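The primary structure of each chain is shown beneath.
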Amino acid sequence: ACLDRIEAFDGRVHAFLHVDAEGALRTADEVDRLREEGADLHPLAGVPIALKDNLVTRQMPTTCASKILEGWMPPYSGTVVQRIIDAKLPILGKTNMDEFAMGSSCEYSAFGPTYNPWDLTRAPGGSGGGSAAAVAAFMVPLALGSDTGGSIRQPGAFTGTVGAKPTYGAVSRYGLVAMASSLDQIGPVTRTVRDAAALQELISGHDPHDSTSLPDPVPALLESVKQVSKEGSIEGLRVGVIKQLTGEGYSAGVQHHFDSVVQALKERGCEVVEVDCPSFDYAMAAYYLIMPAEVSSNLARFDGVRYGLRVEPEEGPVTAERVMAATRGAGFGHEVKRRIILGTYVLSSGQVDAYYGSAQKVRTLIKRDFAAAFEKADVLVSPTAPTTAFQLGQRQEDPMAMYLNDVATVPANLAGVPAISVPNGLEDGLPCGFQVIAPEQQDELMYRVAQLVV
Ligand code: GLN
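The name given to the chain in an unreviewed UniProt entry is Glutamyl-tRNA(Gln) amidotransferase subunit A, with the source organism recorded as Boudabousia marimammalium. In its Subunit (unreviewed entry) section, the UniProt record describing the chain reads: "Heterotrimer of A, B and C subunits."

*Asks:* Before we move on, can you summarise the overall build of the chain with the specific residues and values?
*Replies:* Counting secondary structure elements, the chain contains 15 helices and eleven strands. Taken over the C-alpha trace, the chain has a radius of gyration of 21 Å; the compact-globule value for 454 residues is 22 Å, and the two agree within 12%. Referenced to the eigenvectors of the C-alpha coordinate spread, the extents of the chain come out at roughly 75 × 65 × 45 Å. Taking the intrachain contacts of the chain between residues at least 6 apart in sequence as the baseline, contacts between residues at least 24 apart amount to 75%.

*Asks:* Before we move on, could you go through the nonpolar core and cite the residues and values that matter?
*Replies:* The biggest cluster of nonpolar side chains holds 134 residues, and the ones touching the most others in it are I49, A134, V140, V379 and V436. For this core, the element with the highest residue contribution is helix α9 (residues 283–298), accounting for nine residues. If we skip the residues at most four places from it in the chain, V379 touches V239, V436, I437, A438, L445, M446 and V449.

*Asks:* Kindly report on helix α15 (residues 443–453), identifying the contributing residues and their values.
*Replies:* The element α15 is largely enclosed, with a buried count of nine among its eleven residues. Packing partners of the buried residues in α15 comprise α6 (193–203), α7 (221–226), α8 (252–267), β9 (379–383), β10 (419–427) and β11 (430–437).

*Asks:* Give a detailed account of the packing of α6 against α15, specifying residues and quantitative values.
*Replies:* When two helices pack together, their arrangement is given by the angle between the helix axes and the distance between those axes. Running from N to C, α6 and α15 cross one another at 165°; their axes reach a closest spacing of 9 Å. Classified by the angle their axes make, α6 and α15 are roughly antiparallel. α6 and α15 meet at a crossing whose hand is left-handed. Contacts from V193, A197 and Q200 in α6 reach D443, Y447, A450 and Q451 in α15. For the contact of α6 with α15, the residue count by class is four nonpolar, two polar and one charged.

*Asks:* Explain the environment of A21 to me, and be specific about the residues and the numbers.
*Replies:* Within the secondary structure, A21 is located in helix α2 (residues 21–36). For A21, a count of 14 C-beta atoms within 10 Å gives the class partly exposed. Residues A21 and P113 lie 92 residues apart in sequence; the distance between their C-alpha atoms is 22 Å.

*Asks:* Pulling in residues and values, what's your account of the environment of A65?
*Replies:* Along the chain, A65 turns up in the loop between β2 (49–52) and α3 (79–86). A count of 33 C-beta atoms within 10 Å places A65 in the buried class. Distance from A65 to C106, taken between C-alpha atoms, is 9.4 Å for residues 41 residues apart in sequence. Leave out the neighbours within four places in its chain, and A65 touches L17, D53, N96, M97, D98, E99, S109, A110 and F111.

*Asks:* Lay out the packing of α9 against helix α11 (residues 334–347) in plain terms, naming residues and giving numbers.
*Replies:* Between α9 and α11, whose axes approach to 7 Å, the crossing angle comes to 100°. In terms of their interaxial angle, α9 and α11 are classed as roughly perpendicular. Residues L289, P292, A293, V295 and S296 of α9 form the contact with α11, whose participating residues are R339, I340, L342, G343, T344, V346 and L347.

*Asks:* A description of the UniProt feature "active site" (unreviewed entry) in the chain should follow, citing residues and the corresponding values.
*Replies:* With numbering matched to this structure, UniProt assigns "active site" (unreviewed entry) to K52, S127 and S151. A maximum C-alpha distance of 10.7 Å places the annotated residues, which cover 100 residues in sequence, within one compact spot. Summarising the element assignment, K52 is placed in strand β2. Setting aside residues no more than four positions away along its own chain, K52 makes contact with T95, M97, G128, G130, S131, L144, G145 and S146. Among the structural elements, S151 can be located in the loop between β4 (142–147) and α5 (153–159).

*Asks:* Can you explain the pairing of β10? Please cite residues and give values.
*Replies:* One ladder, built from three bridges, connects strand β5 (residues 162–165) with β10; its direction is antiparallel. Paired with K165 across the bridge in β10 is A419. Pairing between β10 and β11: seven bridges, direction antiparallel. Bridged to A419 within β11 is I437. Counted between consecutive antiparallel strands, the loop separating β10 from β11 contains two residues, among which D428 sits at a positive phi close to 50°.

*Asks:* Before we move on, could you go through α2 and cite the residues and values that matter?
*Replies:* The terminal C-alpha atoms of α2, which comprises 16 residues, lie 23 Å apart, in line with the 22 Å expected from a rise of 1.5 Å per residue. Listing the buried residues of α2 in full gives A24, T27 and V31. For α2, the angular spread of the buried residues around the axis is 65°, confining them to a single face. Among the exposed residues of α2, those oriented more than 90 degrees off its buried face are E22, R26, D29, D32, R33 and E36. Where α2 is buried, its residues contact α1 (2–13) and β3 (91–95). Directly beyond the C-terminal end of α2, a positive phi value near 80° is found at G38.

*Asks:* Could you give me a rundown of the sheet that holds β9, with the residues and numbers involved?
*Replies:* Ordered by their spatial adjacency, eleven strands build an open sheet running β1-β3-β2-β4-β6-β5-β10-β11-β9-β7-β8, and the pairing between neighbours is mixed. One side of each edge strand has no neighbouring strand; the edge strands of this open sheet are β1 (16–19) and β8 (271–275). Averaged over all pairs of adjacent strands, the angle between strand axes in this sheet comes to 25°, irrespective of strand direction.

*Asks:* Give me the lowdown on the confidence of the model for the chain, citing residues and values where you can.
*Replies:* Confidence along the chain averages 96 in pLDDT terms, with 99% of residues attaining 70 or more. Predicted complex, confidence summary: ipTM 0.97, pTM 0.97.

Calculation criteria
Residues numbered from 1 in each chain as written. Predicted model: local features only at pLDDT ≥ 70, side-chain atom pairs only at ≥ 80, totals over all residues. UniProt positions renumbered as here; feature names shortened; annotations may be inferred. Helix = DSSP H or I, 4+ residues; strand = E, 2+ residues; numbered from the N terminus. Rg over C-alpha atoms; globule rule 2.2 N^0.38 Å. Contact = placed C-beta atoms within 7 Å. Core = buried A, V, L, I, M, F, W, Y, C linked by C-beta atoms within 7 Å. Buried ≥ 20, exposed ≤ 12 C-beta atoms within 10 Å, placed from the backbone. Axes fitted to C-alpha atoms, helices over the stretch in contact; angles between N-to-C directions. Parallel < 35°, antiparallel > 145°, perpendicular 65-115°, else oblique. Left-handed = near helix turned anticlockwise from the far one by under 90°. Nonpolar A, V, L, I, M, F, W, Y, C, P; charged D, E, K, R; others polar. Pairing = 2+ DSSP bridges. Expected span 1.5 Å × (residues − 1). Arc of directions from axis to C-beta. pLDDT = per-residue confidence, 0-100.

The structure is reproduced here in structure tokens:
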């Protein structure tokens, strides 16, 4: 059914960069057979899934929506992908994204944008717009994304899907093509909170291949979400509304839907408090220094030798350096180049203390703001994005306008805390997102509260 749906609609939505019908059907058949034999299968066995194209998958193209990786067939699968394979979820294919996960609209894909299924003239968000659009258009019930500054949650808000960024280190990054290693996390994109909890549970857990992976046991996320009932008492739950992430800059519709949920929580007995996080005003500035610094280092590996594309200089000698320059010049898009140059600059001797050093200090202040806020509240809430899905083409030429989409999502990445976006009503026929942020390693609490508000 999913493959039929892709066949019927993906010509217009362009959520997928690669569809593996044969492989998916093979896994589905295998699950049928095992089930008949009475095998002990994972609860998600047989449920189709789509993977963002920066998840390294054996024998499947993994391009990060970049020309520089076109034609690269990974010789291995990342840890998360291997868990999906082992649990026997049929992998339908790889989804579109902004090149190397840099962007908020999917328009920076080298292979053309994804279109928002709610309105095909609008962006599905980014960078994980392909995964979100595929789930929203009922082409697949589950997908995976990666979130460095909001790339799971903001597309979730724009497409009316659920998207979660787990606690930093909860999910292995081995085999996720690195964008900014201190911020990146893989997470679920689904239609329900339960599905997201089940999928996060499956992909979580310690991995010796990732030195930042947490050693702690994985909480029973699905079980705790199941225990949440709509009518159940939530009296005494302390919910903090982040002052810096509401009001000015948020569209009236988004703000209205957010306020109604907060009001409903109050009526159900929650203690709603306003929390002040003054350093959040500098979160974007810090993110757009730290992230490019890490990008410039991580993307140095695309040298025209190790992976995919190799371009020889048009004239003159064929030296390693000149092949590298020609390959990177032809293979990377504008936005990727902009960030590499910015990152190289902020790390250069003479500049590093003023830019990178200051940004790291702001990062510490943001963590402290979170710590203080979590003294007053159990969870924090905000709209996921300042607006609903914008028109394709509207922000493509204006990097600042594109970057400002991430104001509400970036702080959680800088602090490493878990955050989820759930659908929250329609404004002019377009979905809005409601974000729940929990303290580090309290993903379970985040899911329970998310289930309460949907
Ligand atoms: N939109 C943000 C950026 O362009 C977030 C990207 C992400 O989370 N991968 O950096």
